Structure formats: structure tokens, C-alpha cells
Amino acid sequence: MRVLHVAAEVYPLVKTGGLADVAAALPPALAAQGADVRLLLPGLPAILEALESPRQVIDIGPCFGALRVRLLQALMPGTQLPVYVIDAPHLYRRGGGPYQGPDGREWPDNLQRFALLGWVAAHLASGDADPDWLPEVVHAHDWHAAMACAYLADLRPGGAASVFTVHNLAFQGLFPQPDWPLLGLGSRFMSPAGLEFHGQLSFMKAGLVYADRVTTVSPTYAAEIAGPEFGCGLDGVIRGRGGDVSGILNGIDGAVWNPAADPAIAAPYSADRLAGKSACRHALQEALGLVRDDTALLVTVVSRLSAQKGLDLVLAALPALVQAGVQFAVQGTGEPALEAAFRAAALAHPGRVAVHIGYDEARAHQLLAGADVIAVPSRFEPCGLTQLYGLRYGTLPLVRRVGGLADTVTDGLTGFSFDAATPAAFEACVRRALRRRAEPAAWRDMVQRGMGQDLSWVGPARDYLALYAAALAARAARVAPR
Ligand code: ADP
Ligand code: GLC
């Protein structure tokens, strides 16, 4: 089965969150099960620079306000995965992030930037971009790629099937309605049954409405977004898709996240050889200036610092927990107020709280390896990957029971979970972890149980392949002559 994945970021070239990890790991996992998979990416500077001898597939000419658009093809560096990259210098070759400029504001031409991504995907699927490879399924990730589903519906109703995966419903790609003509779509698309969303146009809706199948990254989040609390105003649309919406849990890339062979950490270890984990703990305490206290419960946070992640709960409970013998090692970037609050916490608790404001992959591995617990107290969490990395590294996840966190952590067996989004509930949960750590055998049982879990992409990839088959069958049934 030929499958085209469409995403705006991919590890290790461009990454703002877990989406990049998924875009890097899922296509090869599908290929390992026999699928013929390619990836389509925007030509952001870090992506273009990494390509080795790309060849031009087609010169598309001017479109979406770009003077010149070309489609390139190469292999994803260091892999056998073919990637298409859209070189549109006017839209993509600039500093800053994939979605925002250096000032943190959304790029003003994001409509054109991500409409182009979806448009090229649809043209690949209709055979007029690369006559040599025609995908049967287009799998679009998040709002950035969602327009692929609308353009596919517009171009060739009988063509490729589309699958849309919601990684985070809170980011929707909303644009002013007057910009509508820039999309070049028929007027039937600009209605409440199409892209229109409360007087704006919504790329997220393009995926939710026009994809043959909609998935999200955990079964619990799939159920949550069908209701008003987590539906971000789109729960009605999601309920309207009924059984077309499902949840498939993310896996993790065992080649990147493996404590037995991780070049970033102080010593290797595995479930039955845990000595290396103590070495990692000591190295981490030393590197971060934390007191070398073997009785302390060392809690790490590796996260975007955004309201989603519930880190205000950590900040509120932190002084009491430090008193109780907890150490914190935090790494993140994001909202300036949260960054400042964590910096202040580190200053207030020298030797007990270490904070690194910044993004650093190698340090993320060191934190995961050296800590006892990774805290993920999110207000909502579509899947969450860091708790999975925690399981793999014998660092027990301590999570709020929502979304993918609820689906991947079993309280008392593989980690700790709590319900109320309150500092008191978080604090009580950390105190439970603290008490459990005082029972070394019980702790080791939990660590080994988590480390023994299969978190690979093998199962999820199998589920996606079955879903692709269902999407193709649904599409074929729809276009078959009656
Ligand atoms: P989200 O995508 O919502 O941010 P996930 O848990 O799915 O949450 O994925 C986050 C990814 O980003 C993980 O790979 C995590 O290790 C990484 N990450 C987040 N913040 C940092 C940071 N400051 N430094 C290094 N890696 C980070
Ligand atoms: C999003 C979600 C996160 C998920 C990731 C990868 O960024 O916030 O929960 O793990 O996508 O699917």
C-alpha cells in the first residue's frame, strides 16, 4: 500500500513537540510492515540544508503568493525513507520557527504556507506532481497538513483516501474569512458544513470534515474531544463523524530512546541491570548542582512550558514538596511567565531545584535517565510522549489521568496518577511516590514492569495499516456506480 505522510515538522530536523517524533518514526514503522511510504514536508531551512543531493520532481511555478515553487525529492537523512520537500523560498526560507517568527507571533502568511503543503499533497495524490509514484492514502498530521483533505475532495473525489490525525485540537489554524479566495477552492467548501468556523476559516475543520477517517493519538483523547470540555468548539463536528473517529496510541522510537545504548547518558542500563541508572542519577545531580542525596525523590519535567501542561500545579506544590525531600530538575521553554516562575523556584531552592530554560535533546535524555519520576500533570494531553520515555528509562511517570496519560500509565503498577487539576492532588500524588520509593523492592518492581512494556511502533503501525484499508474501502464504496 502506497502512503503519503504530510507533516510540518520531523525529528531531528525541525521539532517543536511530539509531532516531529511521530512524523520521524511512524513512516519507517509502516515501511517495516511492507507499506510503500513517503513523507511530504515544507522546505524550511533546516530541512533543505539536511537534504543530500535532492532531485527536482517538478517545477510548479508561482503559486500561493510564492514566486517559484519546486517539488524536490531525496532520502530522509540517515534513512531509506523517501521525502518530498516543497521548495518555496518566499514562503518557507526564513529564520524563526515553523509556525511563528522570532517574536513569537504567528507568521502572517501561514494560510498560504500551509495551504500550499496540503495542495501539493493533493496534487501528488492525483498524479500530476510525480507521475512515477501515486499514493493510495494521504495521511495528514494536524492542522498544518489538513488542507490536503479538502484539496483531495475538490480535485478527484475518486482518488486517494485520506486520513487525518489530530495531535492537538487546541491548535486549529484559524484565518480571517476574507482570505478565503487565496485558497482557490469552490464555494461549497466555505460553509458551516465545510471550513467555516464562527466567522473564520479553519484548517482543522478541513481535516475533520473531509478526511475519510479521523484519528487522534490515544483512545481516551478520541472520546474526550467528542465532548465540550476538550472539544475546543469542534466537538459537534467530531460527534458528527461518528465511528469514523478513533484513537491509536503513539509508540516511541526504540533506536532514539533506549537506555541500554544511549550515547547521551552517563552509563547504560536495562531492566535487569539497573546499576547504570544510579550512575546516571549521580551524574545528573552533579551536573545540575543538586545535592547528592540518595533518599531524595528526584522528579524531572521535560516540557513545553504552556498552560496545557499543568505546570502551575508543580510550581504551587513545589515548596512543600522540597521540604518533604523532593528534588526537581526542570527543562522547558515557552510562556515567559512560567519560565520566570521556574527560574525563581531554582533561585529559592539552591541544591534542590534545578531549572534549564531551553531546548536540548541530549539533556532531555540525561534528565530522563537520571530522575526517579517524570511529572506530566497536563490539563489535557492527546497522547504525551515523555511519560512513555519515562517508562522506557525506568523513570516512573506521575501523570494527570487525562487523554493518552490515562491510557499509558497504570497507577501503582507502572506509575502514579491523579485526577483533580489542583496543586493538592498533585502534591498528594508526589507524596505517594515518595513513600513508595522508601520501599526499594516495590519501587524496583514498578520500574521493571514499565521498562518491560512494549511501547514500540509495531502495534500502532499495524493499526494504522488496518485503518488505511478501511479508509480505502469506504472511499471505493462511495465512488462505486450504483
Ligand atoms: P507535546 O508535543 O505536546 O509538546 P509530547 O510529550 O508529545 O508533548 O512531546 C514532547 C517532545 O518534545 C518530547 O520528545 C520531549 O522530549 C520534547 N521536549 C519538550 N520540551 C523539551 C525541551 N525543553 N528540551 C528537549 N526536549 C523537549
Ligand atoms: C501533540 C500533543 C501530544 C502528543 C504529540 C504527538 O503535540 O500535545 O500529547 O504526544 O502531539 O502525537
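Up top is the structure these notes are about.
In this report, we go over the structure that sits alongside the text. Just so you know, these numbers come straight off a predicted model, no measurement behind them.

On to the site of ligand 2. Taken together, the neighbourhood of ligand 2 is formed by 14 residues, with His167, Asn250, Glu381, Cys383 and Gly384 sitting nearest. The separation between an oxygen atom of ligand 2 and a polar side-chain atom of Asn250 is 2.9 Å. If ligand 2 stood free it would expose 310 Å²; the protein chains cover 93% of that surface. At three residues, the largest contribution of residues to the shell around ligand 2 is made by helix α1 (residues 18-32). Each residue belonging to the shell around ligand 2 can be placed in one class, and the counts come to six nonpolar, six polar and two charged.

Their axes nearest at 9 Å, the elements α1 and helix α17 (residues 458-479) cross at an angle of 75°. By the angle between their directions, the pair α1 and α17 is classed as roughly perpendicular. Residues Leu26, Ala29 and Leu30 of α1 form the contact with α17, whose own contacting residues are Ala461, Tyr464, Leu465 and Tyr468. For the contact of α1 with α17, the class distribution of residues is seven nonpolar, no polar and no charged.

A few words now on the packing of helix α10 (residues 311-323) against helix α15 (residues 423-437). When two helices pack together, you describe them by how their axes are tilted relative to each other and by the distance separating the axes. Contact pair α10 / α15: the axes reach a minimum separation of 8 Å and the direction vectors enclose 50°. In terms of their interaxial angle, α10 and α15 are classed as oblique. The two elements α10 and α15 cross, and the hand of that crossing is right-handed. Together, Leu313, Val314, Ala316, Ala317, Ala320 and Leu321 of α10 and Pro423, Phe426, Glu427, Val430 and Arg431 of α15 make up the contact between the two elements. Taken together, the residues of the contact of α10 with α15 sort by class into nine nonpolar, no polar and two charged.

Throughout the structure, instances matching the rule amount to 20 salt bridges. Of the charged contacts in the structure, one is a salt bridge between Asp235 and Arg239, with a shortest N-O distance of 3.0 Å. On the criterion of helical spacing, the pair formed by Asp235 and Arg239 is a turn pair, its members being four residues apart in helix α8 (residues 235-240).

Parameters at a glance
- Residues numbered from 1 in each chain as written.
- Chains lettered and ligands numbered in written order.
- Predicted model: local features only at pLDDT ≥ 70, side-chain atom pairs only at ≥ 80, totals over all residues.
- Heavy atoms only, no water.
- Near = heavy atom within 4 Å.
- Polar contact = N/O pair within 3.5 Å; in protein donor to acceptor, adjacent residues only side chain to side chain.
- Areas by Shrake-Rupley, 256 points an atom, 1.4 Å probe, with all protein chains shown as cover.
- Helix = DSSP H or I, 4+ residues; strand = E, 2+ residues; numbered from the N terminus.
- Nonpolar A, V, L, I, M, F, W, Y, C, P; charged D, E, K, R; others polar.
- Axes fitted to C-alpha atoms, helices over the stretch in contact; angles between N-to-C directions.
- Parallel < 35°, antiparallel > 145°, perpendicular 65-115°, else oblique.
- Contact = heavy atoms within 4.5 Å.
- Left-handed = near helix turned anticlockwise from the far one by under 90°.
- Salt bridge = Lys/Arg side-chain N within 4 Å of Asp/Glu carboxyl O.

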